Amino acid sequence: FFDRNFGGHRPDGSTAIHQNGEDVHSHFFGQSSFSTYVIAHERNVVKVRKDVPLELGATHAVNGMEENAVDAVKRITGGQGVQYSLESTGRPQVLRQAIDALGILGVCGVVGAPSLGTEATFDVNDVMVPGKTVRGIAEGDSVPDVFIPQLIELYTQGRFPFDKLVKFYPFDGINEAAADSEKGGTVKPIIRVSTPA
């Protein structure tokens, strides 16, 4: 699983991209390529309604460099904490905040992928007493043909404004997108590849 999804190559070790005679790693989660055209298995393709944007929100934004994120979440939720949190950075400190921000019976999903062997800490009593759950998630743990249309329907109802979490970059701004993401300036950078005429 790890090698196929994070190895940066096909199962046989080859890569689809080369530059100056050298292999360039690609195939993140067996699919990423940044190419104008791709070949995708039908299980990886989901139809999206034509009346919604193709890009895949939040009611509040908290800058953790300017204020304590957990305190801010507790304030926003009237001291209750959130029912669900999602850690997507792979940083142990952020995972701790995601757990600490949970309310009673809250669930923290972990999708961030730190280096192998990375460890994190949390207050055991703060997890045990309120019945919090910390759950690892691999590739969404969902059926895309069902889940993505459900997310799109929530978006069209105004109940999942994911557009507030994304920022678009032209293909030649890919390095800026990576830097903004690493600095925390952008939650989800999306690279727009223009299609040839």
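The structure under discussion appears in the preceding block.
The rules behind each value
- Residues numbered from 1 in each chain as written.
- Predicted model: local features only at pLDDT ≥ 70, side-chain atom pairs only at ≥ 80, totals over all residues.
- Heavy atoms only, no water.
- Helix = DSSP H or I, 4+ residues; strand = E, 2+ residues; numbered from the N terminus.
- Pairing = 2+ DSSP bridges.
- Right-handed = clockwise from strand over helix to strand, strands pointing away.
- Buried < 20%, exposed > 50% of the residue type's maximum accessible area, 1.4 Å probe, protein only.
- Phe/Tyr/Trp six-rings, centres within 6.5 Å; stacked < 30°, edge-to-face > 60°.
- Lys NZ or Arg CZ within 6 Å of the ring centre and 35° of its normal.
- Salt bridge = Lys/Arg side-chain N within 4 Å of Asp/Glu carboxyl O.

Caption draft 1: Structural detail: unusual backbone geometry. Non-glycine residue asparagine 20 carries a positive phi angle of around 55°. Secondary-structure assignment places asparagine 20 in the loop between β1 (17–19) and β2 (22–24). Positive phi values are uncommon outside glycine, yet leucine 105 reaches one of about 60°. Among the secondary structure elements, leucine 105 is positioned in strand β4 (residues 102–110).

Caption draft 2: Structural detail: the pairing of strand β6 (residues 166–170). Looking at chain direction, β6 and strand β7 (residues 188–192) are connected through 5 bridges and run parallel. Paired with phenylalanine 168 across the bridge in β7 is isoleucine 190. Tracing the backbone out of β6, into helix α6 (residues 174–183) and back to the parallel element β7 gives a crossover that is right-handed.

Caption draft 3: Structural context of the environment of alanine 98. Within the fold, alanine 98 resides in helix α3 (residues 92–100). With a relative accessible area of 10%, alanine 98 lands in the buried category. In this structure the C-alpha to C-alpha distance between alanine 98 and serine 85, which are 13 residues apart in sequence, comes to 5.7 Å.

Caption draft 4: Main features of the packing of aromatic side chains. Across all of its chains, the model carries 2 aromatic pairs by this definition. With 4.5 Å between their ring centres and 35° between their planes, tyrosine 155 and phenylalanine 162 make a pair best called tilted. Classification of tyrosine 155 by relative accessible area gives partly exposed; the value is 21%. Residue classification places phenylalanine 162 among the buried positions, given a relative accessible area of 6%. Of the aromatic side chains, those joined through ring pairs into one cluster are Tyr155, Phe160 and Phe162. The lysine or arginine in question, arginine 192, covers the ring of phenylalanine 168, its NZ or CZ lying 3.8 Å from the ring centre.

Caption draft 5: Fine view of the pairing of β4. As paired strands, strand β3 (residues 82–87) and β4 are joined by 5 bridges and run parallel to one another. Within β4, the position partnered with valine 82 by the bridge is leucine 102. The sheet contact formed by β4 and strand β5 (residues 133–136) spans 4 bridges and is parallel. Directly across from glycine 109, in β5, lies its bridge partner arginine 135.

Caption draft 6: Quick look at the pattern of salt bridges. Throughout the structure, instances matching the rule amount to 5 salt bridges. One salt bridge connects arginine 75 with glutamate 67, and the closest N-O pair in it is separated by 3.6 Å. The exposure class assigned to arginine 75 is exposed, which follows from its relative accessible area of 55%. The partner of lysine 132 in a salt bridge is aspartate 126, with the nearest N and O atoms 2.6 Å apart. Residue aspartate 126 is classed as partly exposed on the basis of its relative accessible area of 27%. Each of Lys167, Asp180 and Lys183 takes part in salt bridges that share partners, so that together they form one network.

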